[in-house]
Amino acid sequence: MMSAAPSPPTTFEVAARTEGLTKIYGKGDAQVVALGGVSVDIHAHEFTAIMGPSGSGKSTLMHCAAGLDEATSGKVFLGDVEITGLKENDLTRLRRDRIGFIFQAFNLIPTLTAKENILLPLSIAGREPDPEWFARVIDTVGLSERLGHRPTELSGGQQQRVACARALVSRPAIIFADEPTGNLDSKSSREVLEFLRRSVTEFGQTIVMVTHDPSAASYTDRVLFLADGRVVDELREPTAETVLERMGRLDGARGV
Amino acid sequence: MLRASLKSLLARKLRLLMSAVAVILGVAFVAGSFIFTDTLGRSFDGIMSSSVGDVVVRPAGSGDTLGSTQTIDGALVAKLAAAPGAARADGNIVDYTTFVVGKSGKLIGGQGAPGMAVNFTDGPAANNTSMFSLASGEMPTQDGQIALDAKTAKTGGYVVGDKVNVVTASAKAQVNPTLSGIIESSGSLVGASVVVWTTHEAQSLYLGGKDAFNDVWVTREDGTSQEQLRAAVAPLLPADLEAVTGDSAAEAAANQIQESLKFITYFLLIFAAVALVVGTFIIVNTFSILVAQRMRELALFRAIGASRRQVARSVLIEAFVVGLIGATLGLGLGIVLAIAIKALFGAIGLDLAGAELVLAPRTVVAAYVVGLVVTLLAAYLPARRAGKVPPVAAMRDDVTLTESSMHRRVLAGLALTALGAAALALGLLADVPKPVAFVGAGILGVLLGVALTSPVVGRPLIVGMGAIYRRLFGSVGVMAEENALRNPRRTAATASALMIGVALVSMMAVFGSSTKASINKEIEKNFKADYLVSNSIGSDFSTAVGDEVAKVDGVATVSRVRWGMGEVGDGQEWIAAIDPATFGQVATLDTSAEALANLDRGGLLLDADTATELGLKTGDKVRMKLSGKPFDATVAGTYAATAGSAPARYLLSTKTWDANGGKLSDGQVYVRLTDGADAAAVGSALDKIVADLPTVSVKDVAGYAEEQAKPINQMLMIIYALLGLAVVIAILGIINTLALSVIERTREIGLLRAVGLSRRQLRSMLRLESVVIALLGATLGVVLGVVFGMAIQRALADEGFSTLQIPWVQLVAFVLMAGIVGVLAAVWPGRRAAKLKILDAIGSE
């Protein structure tokens, strides 16, 4: 694994990709097309944001890419492995060993301490944590003082940072974060986003984040814009302003 | 508000059903008990009304007992038939110790059900009914013919024309008459077999060939009432006979049976009560969980203006509906249960096949009252708690209810335990009225008290198991332990339900095994004979057996014991006759040589306690009656009453017994061998004598002890089966709690699955949690059960339960079984949890 940020490459290593990914909910008249044939590459060692208005399919894209939801048609690859069509047990193992998750809320098991929560995926797998890596992650997250506490004794920001540490500690190939700052105040949001940014920059982690917050997107390397179940635009080296401007254009194009 | 709570109820049908399960089972047990005992009573009523004549002439006072041995002279029958208003009179002979052996050599019926034999008369029963009707063939018209009831004939494989193997307690131990006909009874025979002889043969078999009868039925002419006929007959009778109308005789007999059946009703209702107490735990728990889960919904009601009372009421309305549904389904299940109990009792000889189930209005009322009252009471506390939900909770994400402090709960539990222990001690040790009620209340108090403290008491146990889990199962084990600890009350209540059942089962196990050990010890001490010939079902057998035994080479002493009901003073008592010269050689009878000499001279030997109770001392005269004339017996002395040493509290010599019309059949024949005799050879010679008599068996000490233990084992099996229902309810409680917990932890489960917990790991997590709960309940239950069992044994130590034996292996097996139960209880909730779609689970509220 690389330990420093790669210099901007001209061709990208692909961490995950989708080919003609389609997701349709319901049948007949009640049919809703959430994803209409999305083909997209997620670059390794990059922080990617997926943005779009409500109902654009951004969460569905992430869920399908992460193997949480089943695609109606099309393919999803994680690295070289096609995960569409994998059996439940293989998917479980994949999630456990190769994917990290950060959800908007309710990321932690209330009965376990912060440390136990962080080590949960490893201990489920029956693996011992690498103590050096664990110490480094804890240090980066800034939680070494609060490892023995239960989730209810932690603030919302601290809880999300524990969730980040958990996602990171098993060194997954890719981390999916679903609006990780959606429930946080601006200060806590900043802490979490800075941490995610650092783990990409310093550890070369690959992270995909769904968000609707332009300032959150500004921490990323690349923003994919979704509308009506399709990728409609892409922005590299985003700032809050450029993201906002692109989103305004999108809304305008849709006539909203 | 009403509509809202009903809608919310209907929206969650599964929840409704799960909370109703406990009610259903509790009500089912109550309804089942009532239905079964009503059915039992009705089937006896049916027999009774056709088992009397219009007017019954019988030995005075014999209506109180079955099988009085006093007889009526046959010459009287003609005189009675000539009474004004009498159409005819028929003498009846009834014997209860005649058994039929099937073609396969197997005894039919037995195990407590009487083997009835009657003589055939064509006189009708009261009001022109008939006890039996001919189904095929014809009634016996000459000696050597019999009729059998249809069930016995079918079970035995006999058809008309076959030679039937009949075993009697008369001088002829074995008879082989020809089956001439098959009869149908007008009501259920309750497992009894019926043999119909000709009057002449019945007299020769049972009454020593005398022209005599046990009772006489006088049939009225048209236009004469039973009472008129009775008045006409009464003056014709000697002083020791009485005439009663059929209606009153039937009613009295039916009442007497109802009275004795009350025991069964109470017995079953105790188990119903146990089931209800256990059920209450489950209902309280279920409603508590449901209220906890609906906190936000309830808070929303409060926020939009519902009063506390309205919120509480909405929970109670839900309880009412649950109770109503539970009672209805429970009533239905109760009918099924009654059929099962019928089968259970049938298996031990009380055969009620053919008796229709009786669903009395009282049963229906009781089912609904019990179902509604228990459910509403159980829902009251959770409902009150629901009322206290602050409206603001609707807006918050993490709603927790502050429950009343554990401190107070533990104190209340300790107080209740102490009260229960005190009541238990009073009931067992002190002289209080209704000691059984004290003991029952005491046990209930201790159980509830411990249940209250169990969240605290159980903690070390859960933590201890958690340490093992952590080692064996890693984080899955840790989470299972933490889940069991996170709602201590919920875990404790669920475990407590199991605890109650297991405590009672363990108590019975300890008491039963102590009883058996005590009996064995007594037998070892008192049984000095080499062999005992006895009847496996406790009735008597022919004296011919003893005669044959005496002829066997190597037999030194044959000591016979005869027994039966007779009168002592004014009361009916169980009286036995022994041979004063030989009884001391075969059994231990702690008395003086002088008393034995007095006994031999015609005296009455009493156990010391009975003598004190009646204020009798040596030399006093007591009026007694067997069959035949009353006689005065002189108190010969007393013997020390230790269990197992004497066959009855009142002992006569066999000589006195025979001289005063005691029944000429043996209850037991003790055999002592000559020194140096080959015990095995004698044993097989004895076996040969009784080979054709399936009711009679030859046993050595071990065999005798085993036989004595058999009814205890049988009783224990029935009690286990009945308590098993309480355990089943408790298991459903565990399933319920787990399933509701799964619903409650849906998001958590989703998260765990998202971060890589496999379905198998998820199921094993729930399984481990379930096992913790089950083991907690079982361990507490076994501990309490042993304490109860010991207390009862200690209290009864002076009454023959001298030895305490704790069946450790069995108790450990109970705990292990509880572990298995835990595994099984988690199957369904585990499957449900594993089926949850990860995304739905995470997104759920």
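Our subject is the structure listed above.
Residues numbered from 1 in each chain as written. Chains lettered and ligands numbered in written order. Predicted model: local features only at pLDDT ≥ 70, side-chain atom pairs only at ≥ 80, totals over all residues. Heavy atoms only, no water.

Undergrad: Provide a residue-level description of the packing of aromatic side chains, including the pertinent values.
TA: Residue and element names in this part refer to chain B. Taken as a whole and assessed by the stated rule, the structure comprises 10 aromatic pairs over all chains. Judged by centre distance (5.1 Å) and plane angle (25 degrees), the rings of Phe 527 and Tyr 704 are stacked. Of this pair, Phe 527 sits in the loop between α13 (488-526) and β16 (531-535) while Tyr 704 sits in helix α20 (residues 701-744), and the two are 177 residues apart along the sequence. The exposure class assigned to Tyr 704 is buried, which follows from its relative accessible area of 11%. Ring pairs connect the aromatic residues Phe 527, Phe 583, Tyr 670 and Tyr 704, which therefore count as one cluster. (Phe/Tyr/Trp six-rings, centres within 6.5 Å; stacked < 30°, edge-to-face > 60°. Helix = DSSP H or I, 4+ residues; strand = E, 2+ residues; numbered from the N terminus. Buried < 20%, exposed > 50% of the residue type's maximum accessible area, 1.4 Å probe, protein only.)

Undergrad: How would you summarise the sheet that holds strand β6 (residues 115-119) of chain B if you had to cite specific residues and measurements?
TA: As a general point, the strands of a sheet are linked pairwise by backbone hydrogen bonds and lie either parallel or antiparallel. Residues and elements named next belong to chain B. If you walk across this open sheet you meet the 6 strands as β4-β6-β12-β8-β11-β7, and the pairing is mixed. For this open sheet the edge positions go to β4 (94-95) and β7 (132-137), each flanked by a neighbour on one side alone. Relative to strand β11 (residues 178-185), β7 is paired through 5 bridges, and the arrangement is antiparallel. Across the sheet, residue Ser 133 finds its bridge partner in β11, namely Glu 184. (Pairing = 2+ DSSP bridges.)

Undergrad: Account for the nonpolar core, naming residues and giving values.
TA: Core analysis: the biggest nonpolar cluster contains 170 residues, and Ile174(A) and Phe176(A) have the highest contact counts within it. Broken down by element, the residue count for this core peaks at 18 residues, all from helix α22 (residues 759-795) of chain B. Here this core spans two domains, since at least three of its residues come from each of domain 1 (1-53 + 254-403) and domain 3 (457-526 + 705-845) of chain B. Setting aside residues up to four positions removed in sequence, Ile174(A) forms contacts with Ala15(A), Ala16(A), Ile42(A), Leu78(A), Arg98(A), Ile99(A), Gly100(A), Gln205(A), Thr206(A) and Val208(A). Among the nonpolar cores identified, the runner-up in size contains 37 residues, and Val55(B), Val77(B), Val100(B) and Leu205(B) belong to it. (Core = buried A, V, L, I, M, F, W, Y, C linked by side-chain atoms within 4.5 Å. Domains from an automatic or database assignment. Contact = heavy atoms within 4.5 Å.)

Undergrad: Mind laying out empty space enclosed by the protein, listing which residues take part and the relevant values?
TA: Residue and element names in this part refer to chain A. Evaluated as defined, the whole model comprises 5 cavities of 30 Å³ or more. Quantified by volume, the second largest cavity comes out at close to 70 Å³. Lining the second largest cavity, in full, are Ala 16, Arg 17, Thr 18, Val 40, Ile 42, Ile 50, Leu 61, Met 62, Ala 65, Phe 176 and Val 208. At the level of elements, β1 (14-25), β2 (32-43) and α1 (58-65) are the ones that each hand at least two residues to the lining of the second largest cavity. Within the lining of the second largest cavity, the residues separate by chemical class into 9 nonpolar, 1 polar and 1 charged. (1 Å grid on protein atoms, 1.4 Å probe; cavity = no way out; pocket = protein on both sides within 12 Å on 5 of 7 lines; lining within 4 Å. Points joined across faces, edges and corners; volume = space filled by probe spheres on them. Nonpolar A, V, L, I, M, F, W, Y, C, P; charged D, E, K, R; others polar.)

Undergrad: Account for a positive patch on the surface, with residues named and values stated.
TA: All names here are of chain B. A surface patch of like charges, here positive, comprises Arg 760, Arg 763, Arg 767, Arg 831, Arg 832 and Lys 835. Within the residue set of the positive patch, elements represented by two or more residues are α22 and α24 (827-835). For Arg 763, the position within the fold is in helix α22. Among the residues examined, Arg 763 registers a relative accessible area of 30% and is labelled partly exposed. (Patch = residues over 30% accessible without salt bridge, like charges linked within 9 Å, V, L, I, M, F, W, Y side chains within 5 Å. Areas by Shrake-Rupley, 256 points an atom, 1.4 Å probe, with all protein chains shown as cover. Salt bridge = Lys/Arg side-chain N within 4 Å of Asp/Glu carboxyl O. Lys, Arg positive; Asp, Glu negative; His and termini not counted. Charge placed at Lys NZ, Arg CZ, Asp CG, Glu CD.)

Undergrad: Describe the interface of chain B and chain A, naming the residues involved and giving the relevant values.
TA: Listed as interface residues are 22 residues of chain B and, on the opposing side, 24 residues of chain A. Buried surface at the junction of chain B and chain A, summed over both partners, amounts to about 2,100 Å²; 66% is from carbon and sulfur atoms. Among the residues of chain B in contact with chain A, Leu751(B), Val755(B) and Leu839(B) are the three that bury the most area, contributing 29% of the side total. The tally of links between chain B and chain A comes to 4 salt bridges. Of the charged contacts in the structure, one is a salt bridge between Arg470(B) and Glu116(A), with a shortest N-O distance of 3.9 Å. Listed by contribution, the elements that provide at least two residues to the side of chain B that touches chain A are α12 (435-486), α21 (746-754), α22 and α25 (838-843) of chain B. A total of 7 residues in the side of chain B that touches chain A trace back to one element, the largest contributor, which is α12(B). Along the lines of polarity and charge, the residues of the side of chain B that touches chain A split into 10 nonpolar, 5 polar and 7 charged. (Buried area = accessible area lost by both parts, 1.4 Å probe.)

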